[in-house]
Amino acid sequence: MPTSLAENGRTPIMRISGITAGYSRVPIIRDVSVDAYAGEIATLIGPNGAGKSTLLKAATGIIQVSAGTVTLGGADVTNSRPHDLARRGVGYVPQSRDVFEPLTVVENLEMGGYLIKKGALQDQMDQVFNLFPILGSRRHQRACNLSGGEKKMLAMGRVIMASPKILLLDEPTANLAPKIADEMLAVHITKLASLGVAILLVEQRAVQALAISSNAYVMVGGSVAMSGHPEELGQRGDIAKVFLNGSYASSTGPT
Ligand SMILES: Nc1ncnc2c1ncn2[C@@H]1O[C@H](COP(=O)(O)OP(=O)(O)OP(=O)(O)O)[C@@H](O)[C@H]1O
Ligand SMILES: [Mg+2]
């Protein structure tokens, strides 16, 4: 059986297989495997410093993978450069804010659409406004004058302009008010998946993220400590133990 085929016969859009990566040759993540399927959300949770962002950086070519492979639709793309991966349909929204503050919403989105033909630009932008109507109503506003939640939507919209097959989202609800955060997960990200995009989501709001996910991975100390269907994971008594810094507990309480 080709290695790109999952046990159930489906081919993941992205398969991260046993990768080791880090900074300045010091491994931070070791032997990590994660699959992301079209139209599904795979969620990665774990305490601060577990290596979640490092995994996304390794999968998107920002840092070097020293062992293991990353495949895209079955093709080996390990250590491909970030812009080559973007061309091949990999969208990445980093943890830090990622909009051009002095530019307007439309100008930010145009920058995200630099890979697509001019004629298709407006259609694609309309799709983004359809996903995030608030951006449509603020289209001529400068990004610096948007709220935190609107900036997050714009950062995602900019990446969506390139019609990604897979979106790697690093804490898209960080610093958002609880109601906006819940809406980002339950409405916007769910809608993106329903359009067929594979989503690899890193989230601190574990309960809300697991509720919309098909697969979940719990990362601790640079490795995947457990993985599986969110409902099965939620029923395991030991899941809270891995969140020794309390991030899981806080996400289950009132937010
Ligand atoms: N640029 C860097 N250079 C060196 N070490 C780094 C760098 N970025 C992160 N690290 C280290 O790698 C480890 C994992 O960090 P990472 O950002 O991947 O964790 P995380 O799971 O995303 O945490 P958080 O939930 O706080 O975002 C940490 O010990 C961190 O200090
Ligand atoms: Mg992180």
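Just above, that's the structure.
This structure is a prediction, so every number in the text was calculated from the model and none was measured.

Trainee: Looking at this structure, I do not really get helix H6 (residues 148-160). What am I missing?
Mentor: One full turn of an α-helix is made of 3.6 residues, so residues set three or four places apart face in the same direction. Look at H6: 18 Å from first C-alpha to last across 13 residues, which is about the 18 Å you get at 1.5 Å a residue. Most of H6 sits inside the fold, with twelve of its 13 residues counted as buried. Looking at H6, one finds that the buried residues are Gly149, Glu150, Lys151, Lys152, Met153, Leu154, Ala155, Met156, Gly157, Arg158, Val159 and Ile160. Looking at the buried residues of H6, the elements they touch are strand E6 (90-93), helix H3 (105-112), helix H4 (118-131), helix H5 (133-137), strand E7 (166-170) and helix H7 (178-194).

Trainee: Honestly, the sheet that holds strand E10 (residues 223-228) in this entry has me stumped. Any pointers?
Mentor: Ordered in space as E6-E7-E8-E3-E9-E10, the six strands form an open sheet in which the pairing is mixed. In this open sheet, the two edge strands, each paired with only one partner strand, are E6 and E10. Ignoring which end each strand starts from, the neighbouring axes of this sheet average 15° apart. Relative to strand E8 (residues 198-202), strand E3 (residues 41-45) is paired through four bridges, and the arrangement is parallel. Residue pairing across strands places Thr43 opposite Leu201, the latter belonging to E8. With respect to the sheet, H7 is in contact with E3, E7 and E8, its orientation differing from that of E8 by roughly 145°.

Trainee: Hey, could you run me through the sheet that holds strand E2 (residues 26-36) in this one?
Mentor: What links the strands of a sheet is backbone hydrogen bonding, and the strands pair in either a parallel or an antiparallel sense. Strand order in this open sheet of four strands is E2-E1-E4-E5, and the pairing throughout is antiparallel. Either end of the sheet is taken by a strand with one partner, and the two such strands are E2 and strand E5 (75-76). In this structure, strand E1 (residues 14-23) lies alongside E2, joined through seven bridges in antiparallel fashion. Paired with Ala21 across the strands is Ile29, a residue of E2. Here helix H1 (residues 52-59) sits on the sheet in contact with E1, E2 and strand E4 (65-72), set at roughly 110° to E1.

Trainee: Would you mind going over the nonpolar core with me for this structure?
Mentor: Buried together is how nonpolar side chains tend to be arranged in soluble globular proteins. Within the largest apolar cluster, 35 residues are counted, with the highest numbers of intra-cluster contacts made by Phe132, Met156, Leu167, Ile189 and Ile199. At the level of elements, H3, H4, H6, E7, H7 and E8 are the ones that each hand at least two residues to this core. Two domains each put at least three residues into this core: domain 1 (1-89 + 164-246) and domain 2 (98-163). Apart from residues lying up to four places away in sequence, Phe132 is in contact with Met153, Met156, Gly157, Ile160, Met184 and His188.

Parameters and conventions
- Residues numbered from 1 in each chain as written.
- Chains lettered and ligands numbered in written order.
- Predicted model: local features only at pLDDT ≥ 70, side-chain atom pairs only at ≥ 80, totals over all residues.
- Heavy atoms only, no water.
- Helix = DSSP H or I, 4+ residues; strand = E, 2+ residues; numbered from the N terminus.
- Expected span 1.5 Å × (residues − 1).
- Buried < 20%, exposed > 50% of the residue type's maximum accessible area, 1.4 Å probe, protein only.
- Contact = heavy atoms within 4.5 Å.
- Pairing = 2+ DSSP bridges.
- Axes fitted to C-alpha atoms, helices over the stretch in contact; angles between N-to-C directions.
- Core = buried A, V, L, I, M, F, W, Y, C linked by side-chain atoms within 4.5 Å.
- Domains from an automatic or database assignment.

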